[in-house]
Amino acid sequence: MSYRAPVFDIAFALKHAAGFKQALDDGLYGDLSEDVIDAVLTEAGKFATEVVAPLNVVGDRAGAVFKDGAVATAPGWKEAYHAWTQAGWNALAAPGVWGGQGLPQAVNVACLEMWNSAAMAFGIAPVLTMAAIDALTAHGSDELQRAYLPKLVSGEWTGTMQLTEPQAGSDVGALRTRAERAGGGTYRLTGQKIFITYGEHDMTGNIVHLVLARLPDAPAGSRGVSLFLVPKFLLNPDGSLGPRNDVRAHSIEHKLGIHGSPTCTMVFGDRGGATGFLIGEENRGLACMFTMMNQARLAVALQGVGIAERATQQALAYARERKQGRAAGTREGMSPIIDHPDVKRMLLTMRALTGAARAISYATAVAVDRAHRSTDEAARMAANERASLLTPVAKAFATDVGSEVSSLGVQVHGGMGYIEETGAAQHFRDARIAPIYEGTNGIQAIDLVTRKLPMSGGNAVRTYIAELRRTADAVKAANDPAFGATGARLAEAIDSLERATEWLLKQPQSDAALAGATPYLRLFAHAAGGALLAEQALAAARLAGESSAPARIALARFFAENIAVAATGLERIVTEGATSVNASEAALA
Ligand SMILES: Cc1cc2nc3c(=O)[nH]c(=O)nc-3n(C[C@H](O)[C@H](O)[C@H](O)COP(=O)(O)OP(=O)(O)OC[C@H]3O[C@@H](n4cnc5c(N)ncnc54)[C@H](O)[C@@H]3O)c2cc1C
């Protein structure tokens, strides 16, 4: 089944769950109007549905092919990428000075969901280009910016992000790729990187690699890494493509999913060293890479949302058609499986988790926009903390949701889900990478607990929890029976979040905190996701004549009564489960 971009739902979540409407009303986006945003999202939805989605199956079956050092992308991939850049989608949120449209990051993120729903292996390429644009804009010299940003922004060239080496995965500081000073502000890079997404391909004339490497006199560990721009083709003084640089793809990986995305082993310096240009300062590369990674982590969250949305659409369509057994209250004939409560539960779980992941991810993007655009310094700093707090939650929760929901999608299809021809299996295979790359979800949880909770002495997280509580109170105050126990269940989830947070704040770096980091992140997402879905439902109920209100209230209620209730158990895992993790080696012997 093909994908139909849920443009109305996306726009509604953006405006009413994620706080975009409030940001517009606050003047954060100047004279940008809701109509313009709606038009952009509608066009993106059309492009994703009509041009990108049809590539999904061919990308999976034909995949990217490596031959003689070159990578051919799947049939139709190159043409679609060109049409996509021509339509201006790569430049949507990029700075106007380099040819970008300067639209809000939140709108770009909503579009990213659609590109990734349509074909996740396609959607990941621009994610890396956009991240490279961010890193260069924030840390690149004027010269590098002038030479590379216009073509990265237009999409004429793509970017890569190169951290991983065989011995340096989560532990980036263990990397060994060497960079030697070569005079004239250039460096010579030698070494090998693995698992590099779109490290080589045939869609663009040049590829701009952003590579972490170590200078000969650098301190050990992550304080001794520097970031370099290493183009596939060096540039002539007039900006045209010059000689081939000494960086090559050695091979591509055969992998579980996203077959359309080439995952390359890259070799630097087979012929004396690849020419690289420093971004930022020597030995400060990790800070620059973090700019890139924050952007990419949020984008990967949208991969999770995108694949979950697509799997949900497909499962719903199948469940309406497939007939088995007889549902209670039906007198004759077989019932569509959607009528069986257990299937209904799966479908509602899919929709509710997807909605919660979407709302959290979009809210993160609005915080990013506020952090960049607010004119008030204090507001900018508060928004920066909010974005920092939510980014690991968005990345880990949304990508876990992508995996869980696409797995449920296979389950709803029964045996047909396990057979490749339905496409449900591809979503499941594709989704599985997102909890791993851009920092595994375990690393995200550790980041949340050890670095994000202690921000401002815990005030950033406490302020957020207080906001969530206001939503639970508003649901109770609405006194609408359609919400059922939503207000009470959300309040319980928020209580659990608050207690677990205070417990962690007393010992954020301890083994006990590390053992509970992943369940804590889930608990955080259950409380936040539930509140944001309720926020959206309240907004729909307030809008006169909003026909989607009953559906939004029902979804918020399902989440609160069937998913958020896990929060109390998660709290217990965080605050009481650590001993049985850290003192149970015997069980692993
Ligand atoms: C398809 C694909 C595309 C990729 N694209 C890119 C790319 O474009 N650029 C790039 O640089 N990399 C890329 N990667 C690499 C990816 O980012 C890494 O695989 C990922 O960061 C995990 O590193 P690792 O595989 O070495 O696993 P490891 O670091 O060995 O982790 C294994 C397990 O141990 C856990 N773990 C590790 N250290 C800790 C710790 N300190 N505390 C707690 N738990 C820990 C992890 O959470 C994980 O569960 C890609 C990988 C794949 C498969």
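Bear in mind that the values here come from a model prediction, so they are computed numbers and not experimental data. (Residues numbered from 1 in each chain as written. Predicted model: local features only at pLDDT ≥ 70, side-chain atom pairs only at ≥ 80, totals over all residues.)

It is worth spelling out the overall build of the chain at this point. Regarding its fold elements, the chain presents 21 helices and 12 strands. For 589 residues, the compact-globule estimate of 2.2 N^0.38 gives 25 Å, and the C-alpha radius of gyration of the chain, at 24 Å, lies within 12% of that figure. For the chain, the spread of C-alpha atoms along the three principal axes comes to 75 × 60 × 55 Å. Taken across its 589 residues, the chain has 54% of its residues classed as buried. Summarising the internal contacts of the chain: among those between residues at least 6 apart in sequence, 76% fall at separations of at least 24. (Helix = DSSP H or I, 4+ residues; strand = E, 2+ residues; numbered from the N terminus. Rg over C-alpha atoms; globule rule 2.2 N^0.38 Å. Buried ≥ 20, exposed ≤ 12 C-beta atoms within 10 Å, placed from the backbone. Contact = placed C-beta atoms within 7 Å.)

Before going further, it helps to spend a moment on the site of the ligand. Among the 19 residues in the neighbourhood of the ligand, the closest are listed as G169, S170, T197, T440 and G442. Each of domain 2 (158–283) and domain 3 (440–582) gives at least three residues to the shell around the ligand. (Near = placed C-beta within 6 Å. Domains from an automatic or database assignment.)

Here we come to the nonpolar core. Soluble globular proteins tend to bury their nonpolar side chains together. If you look at the biggest cluster of nonpolar residues, it comprises 198 residues, and the most contacted ones within it are A132, F228, I360, Y362, V393 and A527. Element by element, the count of residues in this core is highest for helix α9 (residues 285–321), at 17 residues. Residue contacts for F228: discarding those within four places in its chain leaves A179, Y187, L189, V211, A213, G276, F277, L278 and I279. (Core = buried A, V, L, I, M, F, W, Y, C linked by C-beta atoms within 7 Å.)

Now for the packing of helix α1 (residues 7–17) against helix α3 (residues 34–52). Relative orientation of the contacting elements α1 and α3 amounts to 140°, with a least axis distance of 10 Å. Between α1 and α3, the angle falls in the class oblique. Crossing hand, α1 versus α3: right-handed. Taking contact as the criterion, the partners of V7, I10 and A11 in α1 are, on α3, D38, L41, T42 and G45. (Axes fitted to C-alpha atoms, helices over the stretch in contact; angles between N-to-C directions. Parallel < 35°, antiparallel > 145°, perpendicular 65-115°, else oblique. Left-handed = near helix turned anticlockwise from the far one by under 90°.)

Here the focus is unusual backbone geometry. Glycine aside, the phi torsion of most residues is negative, and most peptide linkages are trans. The residue N283 is not glycine, and still its phi comes out positive at about 65°. Positive phi values are uncommon outside glycine, yet S456 reaches one of about 50°. Tracing the backbone shows S456 in the loop between α14 (441–452) and α15 (459–478).

Across 5 bridges, strand β4 (residues 178–183) lies against strand β5 (residues 186–197) in antiparallel orientation. Looking at the pairing, A179 lines up with L189 of β5. Counted between consecutive antiparallel strands, the loop separating β4 from β5 contains 2 residues, among which G184 sits at a positive phi close to 65°. (Pairing = 2+ DSSP bridges.)

By the burial criterion, the buried members of α14 are N441, Q444, A445, I446, D447, L448, V449 and K452. At its buried positions, α14 is contacted by α11 (377–412), α16 (486–505), α17 (511–515) and α18 (517–542).

Looking now at the environment of A94. Residue position: A94 is located in the loop between α5 (77–86) and α6 (105–118). The buried category is assigned to A94, around which 26 C-beta atoms lie within 10 Å. For the pair A94 and A537, spaced 443 residues apart in sequence, the C-alpha separation works out to 32 Å. Leaving out residues up to four positions away in the same chain, A94 has contacts with G100, I133 and V153.

Bringing the environment of Y3 into the picture now. Within the element layout of this structure, Y3 appears in the segment before α1. A count of 22 C-beta atoms within 10 Å places Y3 in the buried class. Sequence separation between Y3 and A53 is 50 residues, and the spatial gap between their C-alpha atoms is 6.4 Å. With near-sequence residues (within four places) excluded, Y3 lies in contact with T49, A53, S117, A118, R310 and Q313.

Our focus in this paragraph is the packing of helix α7 (residues 120–139) against helix α8 (residues 142–154). Describing two packed helices takes the angle between their axes plus the distance from one axis to the other. Interhelical geometry of α7 versus α8 gives an angle of 155° and a closest axis separation of 10 Å. Relative to α8, α7 is oriented roughly antiparallel. The handedness of the crossing between α7 and α8 is left-handed. Only L144, Q145, Y148, L149, L152 and V153 of α8 make contact with α7, whose side of the interface consists of T129, A132, I133, L136 and T137.

When you tally the buried positions in strand β12 (residues 274–279), you get 5 out of 6 residues, the bulk of the element. Here 4 bridges tie β5 to β12, and the two strands are oriented antiparallel to one another. Bridge pairing links L189 to A274 in β12. One ladder, built from 3 bridges, connects strand β7 (residues 226–231) with β12; its direction is antiparallel. The residue bridging L229 from the neighbouring strand is F277, located in β12.

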